[in-house]
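Here are the chains, one letter per residue:
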Amino acid sequence: MSYCLNPKCPNPTDSANENRRICCQCGSDLLLERRYRVIKQLGGGGFGKTFEIDDQGKCKVLKVLLKNHPKAVALFKQEAKVLSQLNHPGIPKVDPDGYFTYLSKGSEEPLHCLVMEKIEGLNLQDWMKERKKEPISQEQALEWLKQLAEILDQVHRLQYFHRDIKPQNIMRKPNGQLVLIDFGTAREVSKTYIVKVEQGQNVTGIVSPGYTPPEQTNGKAVPQSDFFALGRTFIYLLTGKPPTAYPENPRTGKLLWRKGAPNISDELAAVIDYLMAPFPGNRPQSPQAVLQCLAEIDLNKATNSKNNSSETKDASSSKRQRPKREREDNNLIKGTGLNLSASKITFPKIPLKYLGVLGTSLLVLGGIYTQIDGYARYGFIPANPLLILKSLPSSIFLQDYKRAVGQVYAVVISPNNQTLAVGSFGAIRIWDLKTDAEPRTIAAHSSWVKALAISPDGKILASGSNDKTIRLWDLKEGNRMRTIEGHTEGVNAIAFSPDGQTLASGSDDQTIRLWGSETGSRQLTIAGHEGAIHALAFSPDGQTLVSGGTDRIIRFWNLQTGSRKRSISGHEGAINALVYHPNSQTLISASDDGTIRLWNPNTGEQKAVWKAHNNPVKSLAITKDGKTLLSGGDSVIVWDLKTGKKLATLWGHSKPINALAVSSNGQIVVSGSEDKTIKIWQMP
C-alpha cells in the first residue's frame, strides 16, 4: 500500500496507489526523497502525525510536522539535530539526512519530515496500564535506572539535556531495552544559555505536571532537571501511582512517597530521593554520578540487613521481656494460696488482665508463624492466616514454588516432562524440571502472554499475547522461529493439533484462526462466536476443534471446511477452559459460573455437572490415562473422573489460578496464579 502525504488529498489510502510513484488522486509524489514510501498512519495530534514507511525494504517511522509555526519548526529541527548526533540502543536512530521537507502538489507550504528508527513496544505509561499498574520490582527498577542513566550520559556529553523525561517518553522494547524518545524539547547547554540562567532570565518552559522540577517550571531548567524527572518517573513505576498522588513536605519540599513502595530497599529509595532533591545543586551533578550511586546498591545485602535487623530486634526484645514475665509468673504462683496437703486443691486465680495479655500474645505469635510459614512454603507475604491454616494439609504435596514471576496466565510442561514454560507480562520463563538451574527468560511479547502450547514432538513452543501476535520458539534454544500476525485483538488461547501440523488460535476479535505450524501461513479463519474466545481443544483424532468463550456457548468445528458441526449451551458464565478425554467420548468444560460440566461430544448431551468452586473455574488439566481431572479456581481440586469424587484439594495460592499443567506421567502438577507465583505439586 502507498499512503499519500498530501493533507488535501481526497483519498490518501487509495489502493490504486500501490507501487505507483505519483498519487492518482492528487498528483503528489508517493516516493519521498526518491526512497521512502509511506505505508500507513500510526498516530497523530494537533501539530504532527507519525507514519510507518518503507525505506528500501526497512520499516521506519516518519514524523511529519503539520503546523509551520516558527517555534514548532525550531523544536522539530532541534530533535533532528540531536538524534542525528547520538548513537545508542536506547535512543532512536536518525540518519544525517533524515530531516527533509516535502512539498505536495498545489501546496505553497512545505511539510517538515523526520525519518527515524521504528521502536517496537509500548511507552512505559501504556505498558503500566497493560499490566494494571502493577509496580515493578526493585531489581527491575535498578536495571532500568542504569539504562536510562547511560542514555542520559550520551545526551549530556553532547551538551544537551532532555527536559521532558516521563513515562510517556520512554519506550520499552520486547527485549526489555528502554528507549528515550521525543527529543523535540532537548536543549543545548551553550554559553549563552548558561549566562541567561545565571542572570535569572527565563527560557522556554516545558511542563509535565508531577515530573517537571521547580526550576524548570520557573523557566530555568538545567541538566540536573533531567534527574528530577527521572526520579519522579520511578515513583510511578515503583508505586503504580503518579507523583501527584503523594504530598510534599511543606518544610523541605521533598515528596513523601515511600509508604507507596514499602518493599524496596532504603538504599534504592535514598538514591531516588537524591535524584528528586528540590534544589538542583543537591542532586547528582552528572549521569556518571548517578551510575556511581547505583553501582553501590546491593539489593541482596540490603534485604539481608533488613531481615537480620528485624531478627536481632525480636531477639533482644524477647530477652528484655523474659525476666519480667518470669517475675509475673512467680507472683501469680505465690498469690494463689495453693495448699498441696489439703484434700481440696484450689486452682490459681489469674487476673483477667493477664488473660488478655496471654491471648494477645498467642494471636501475635500465631500471626508471625503464619507469615513465616506462608513465605517459606508458598512464597508470598503478607499471607492470609486463614489461608495458611487451610493449606496445611496440602503442604505435604507441595514440592517447590517459584515466586516473583509476575501474574501468571499460562503454564505448559513438555511431553518429556523435562521443561516447564510459564507466561506472564511480556516474558516467558523456562525451567528445567530436573535441575535447580535458574530459568531462561525470553523477552517474548510487548504485553501479557495469555497462552502457551508445546508441539507434540516437544520442539516448538507457541505463545499468544495481548499484543495480537503469536510467536513460535525453538524450545531447546529459546530462539524465535517465527512471528504470526493476523488477529486484530489479543490472543487468549492456542492449541496444537495431535499431529503437530496445525496451530489453532482464539482471540478477543471473536475469531478462530488455523495456521500451518511449519510455515506460519494462515489455513482457515472461523467466525461464529459473539464474544471473546478463551478456550480451544482438538479432539484426539484431530478432526474436530472445540471452542468456548464469553458468549457461554461451546461450538464444534469441522476442520476441513470450517463449518459448525454443533453448538451446546448450559453454562451461566464465560467458558474459560476445555479438555477432551483421551477416549474422545467426553468433553469437559469449566466456567465463571463455578461449575465443571461433562458432555457427550457426539450428541451434545450433558452427562454431569460438578460444583467445583465457590468462585470461577479458570483452568483445567487431565492426565494422559484419563483417570484424573484437575481444576483451578481459588484452589486446585483433584477429581476422580470415573466417580466424580474429589480426591484432594490443594490450597496454596492467594489469588485465582489461571493456569494448570500435568506431566505426561501424571506425577507432577503445576499451577500458576495472579498472586505472581507458580506451585509445583506432587500428584495426590
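Residue indices follow the written sequence of each chain, beginning from 1 at its first position. Reporting in this predicted model follows two pLDDT cut-offs: at least 70 for local features of residues, and 80 or more for side-chain atom pairs to be given and counted; totals over whole chains, interfaces and linings ignore these cut-offs and use all residues. Note that water and hydrogens are dropped before the side-chain values are worked out from all heavy atoms of the structure.

## Structural notes on the overall build of the protein chain
The helix and strand tally for the protein chain stands at eleven helices and 38 strands. A burial count over the protein chain gives 51% of its 684 residues as buried. Considering only residue pairs separated by 6 or more positions, the protein chain has 48% of its internal contacts joining residues 24 or more positions apart. Carbon and sulfur atoms provide 49% of the accessible area of the protein chain, an area that totals close to 33,000 Å². Working definition: helices are DSSP H or I runs of at least four residues, strands are E runs of at least two. Numbering for both runs from the N terminus. Burial classes: relative accessible area under 20% of the type maximum marks a residue as buried, over 50% as exposed, and values in between as partly exposed (1.4 Å probe, protein chains only). Contact definition: two residues touch when any of their heavy atoms are within 4.5 Å. Calculation of accessible area relied on Shrake-Rupley with a 1.4 Å probe; when residues are assessed, cover is drawn exclusively from the protein chains displayed.

## Overview of the side chain of Asn600
Within the secondary structure layout, Asn600 lies in the loop between β30 (595-599) and β31 (606-611). If we ignore the near neighbours within four places in the chain, the residues touching Asn600 are Gln585, Glu605 and Lys607.

## Side note on the pattern of salt bridges
Any carboxyl oxygen of Asp or Glu within 4 Å of a side-chain nitrogen of Lys or Arg constitutes a salt bridge here. For the coordinates displayed, the defined rule picks out 18 salt bridges. We note a salt bridge from Glu248 to Arg232, for which the minimum N-O separation is 3.2 Å. Note that Glu248 is positioned in the loop between α6 (225-239) and α7 (266-275) and Arg232 in helix α6, a separation of 16 residues in sequence. A relative accessible area of 44% places Glu248 in the partly exposed class. Of the residues examined, Arg232 reaches a relative accessible area of 6% and is grouped as buried. The salt bridge partner of Arg555 is Asp551, with a shortest N-O separation of 2.7 Å. For the pair Arg555 and Asp551, one class covers both residues: buried. Sharing partners across several salt bridges, the network here consists of Arg35, Asp55, Lys60, Asp95 and Asp97.

## Regarding the sheet that holds strand β24 (residues 533-538)
An order of β24-β25-β26-β27 is seen for the four strands of this open sheet, with the pairing classed as antiparallel. Only two strands of the sheet have a single partner each, and these edge strands are β24 and β27 (564-569). Each adjacent strand pair in this sheet contributes to an overall mean axis angle of 20°, direction not counted. What makes two strands pair is DSSP finding at least two bridges between them. Bridge count for strand β26 (residues 553-558) against β27 is five bridges, and the pairing is antiparallel. Residue pairing across strands places Ile554 opposite Ile568, the latter belonging to β27. Axis definition: a line fitted to C-alpha atoms, limited for helices to the stretch in contact. Angles are taken between N-to-C directions and run from 0 to 180 degrees.

## A word on the sheet that holds strand β23 (residues 522-527)
Here four strands make up an open sheet; going across it, the order is β20-β21-β22-β23 and the pairing antiparallel. Lying at the two open borders of the sheet, with one neighbouring strand each, are β20 (491-496) and β23. Sheet twist, expressed as the average angle between the axes of neighbouring strands with direction ignored, equals 20°. Two elements, strand β22 (residues 511-516) and β23, share five bridges in a ladder whose sense is antiparallel. Across the sheet, residue Trp515 finds its bridge partner in β23, namely Arg522.

## Re empty space enclosed by the protein
Picture a little ball the size of a water molecule; that probe, rolled over the atoms, points out where space is still empty. Here a cavity means grid points, on a 1 Å grid over the protein atoms only, where a 1.4 Å probe fits yet cannot get out; a pocket means an open set of points with protein on both sides within 12 Å along at least five of seven lines; lining residues are those with an atom within 4 Å of a point. Grid points are joined across faces, edges and corners, and a volume is the space filled by probe spheres set on the points. If you walk through the whole model with that rule in mind, you get one cavity of 30 Å³ or more. Computed from the structure, the largest cavity encloses a volume of approximately 40 Å³. As for the largest cavity, its lining consists of Arg232, Gly253, Lys254, Leu255, Asp273 and Met276. For this classification, Asp, Glu, Lys and Arg are treated as charged, while Ala, Val, Leu, Ile, Met, Phe, Trp, Tyr, Cys and Pro are nonpolar and the rest, including Gly, are polar. Tallied by class, the residues present in the lining of the largest cavity amount to two nonpolar, one polar and three charged.

## A few points about the pairing of β26
Bridge count between strand β25 (residues 544-549) and β26: four bridges; the pairing is antiparallel. The residue bridging Thr544 from the neighbouring strand is Asn558, located in β26. In this structure, the hairpin formed by β25 and β26 is closed by a connection of three residues, where Arg552 is found at a positive phi of approximately 70°.

## Some remarks on the packing of aromatic side chains
Any pair of aromatic rings gets described here by the distance separating the centres and the angle formed by the planes. Stacked, tilted and edge-to-face are the three classes assigned to paired rings of Phe, Tyr and Trp, where Trp is represented by its six-membered ring and a pair needs centres within 6.5 Å; plane angles under 30 degrees give stacked, over 60 edge-to-face, the rest tilted. Summed over the entire model, instances satisfying the criterion amount to eight aromatic pairs. Arranged with centres 5.2 Å apart and planes meeting at 65°, the rings of Trp127 and Trp144 form a pair that is edge-to-face. Highlighted residues: Trp127 in helix α2 (residues 124-130) and Trp144 in helix α3 (residues 138-157), separated in sequence by 17 residues. Geometrically, the ring pair formed by Trp127 and Phe425 is edge-to-face, given 5.1 Å between the ring centres and 80° between the ring planes. Taken together, the positions of Trp127 in helix α2 and Phe425 in strand β15 (residues 425-432) put the pair 298 residues apart, joining distant regions of the chain. Overall, the relative accessible area of 4% leaves Trp127 in the buried class. Members of the aromatic cluster, joined through ring pairs, are Trp127, Trp144, Tyr409, Phe425 and Trp448.

## Things to note about unusual backbone geometry
The bulk of non-glycine residues show a negative phi, and the bulk of peptide bonds are trans. Although it is not a glycine, Asn19 sits at a positive phi angle of roughly 70°. Tracing the backbone shows Asn19 in the segment before β1 (31-32). Here Arg34, not a glycine, exhibits a phi torsion of approximately 65°, which is positive. Tracing the backbone through its elements, the reader meets Arg34 in the loop between β1 and β2 (36-44).

## Here we look at the packing of α3 against helix α8 (residues 287-295)
Working note: a packed helix pair is described by the angle between its axes plus the distance between those axes. Orientation of α3 relative to α8, taken along the N-to-C sense of each, is 160°, at an axis distance of 8 Å. It follows that α3 is roughly antiparallel to α8 by the angle criterion. Regarding α3 and α8, the two cross each other, and that crossing is left-handed. Contacts between α3 and α8 involve Leu142, Leu145, Lys146, Ala149, Glu150, Leu152, Asp153, His156 and Arg157 from the former and Pro287, Gln288, Val290, Leu291 and Leu294 from the latter. Tallied by class, residues from the contact of α3 with α8 come to eight nonpolar, two polar and four charged. Small angles under 35 degrees read as roughly parallel and large ones over 145 as roughly antiparallel, with 65 to 115 read as roughly perpendicular and the rest as oblique. Take the far helix as the reference: if the near one is turned anticlockwise from it by less than a right angle, the crossing is left-handed, and if turned clockwise, right-handed.

## Examining the pairing of strand β5 (residues 99-102)
Residues Phe100 and Tyr102 of β5 are buried on one face, while the alternating residues Tyr99 and Thr101, pointing to the opposite face, are not. Of the strand pairs in this sheet, β5 and strand β6 (residues 111-117) are connected by four bridges, and their pairing is antiparallel. When the bridges of β6 are listed, Tyr99 appears paired with Leu114.

## Side note on the environment of Pro540
In this structure, Pro540 sits in the loop between β24 and β25. Linking Pro540 and Asp499, residues 41 residues apart in sequence, is a C-alpha distance of 9.7 Å. Setting aside anything within four residues of it in sequence, one finds Pro540 in contact with Pro498, Tyr580, His581, Pro582 and Ser584.

## Describing the packing of α3 against α6
Packing of α3 against α6 leaves a shortest axis separation of 11 Å and a crossing angle of 155°. Viewed along their axes, α3 and α6 adopt a mutual orientation that is roughly antiparallel. Considering how the two elements wind past one another, α3 and α6 form a crossing that is right-handed. Side by side, α3 and α6 meet where Gln138, Ala141, Trp144, Leu145, Leu148, Leu152 and His156 of the first sit next to Asp226, Phe227, Leu230, Phe234, Leu237 and Leu238 of the second. Grouping the constituent residues of the contact of α3 with α6 by class yields ten nonpolar, two polar and one charged.

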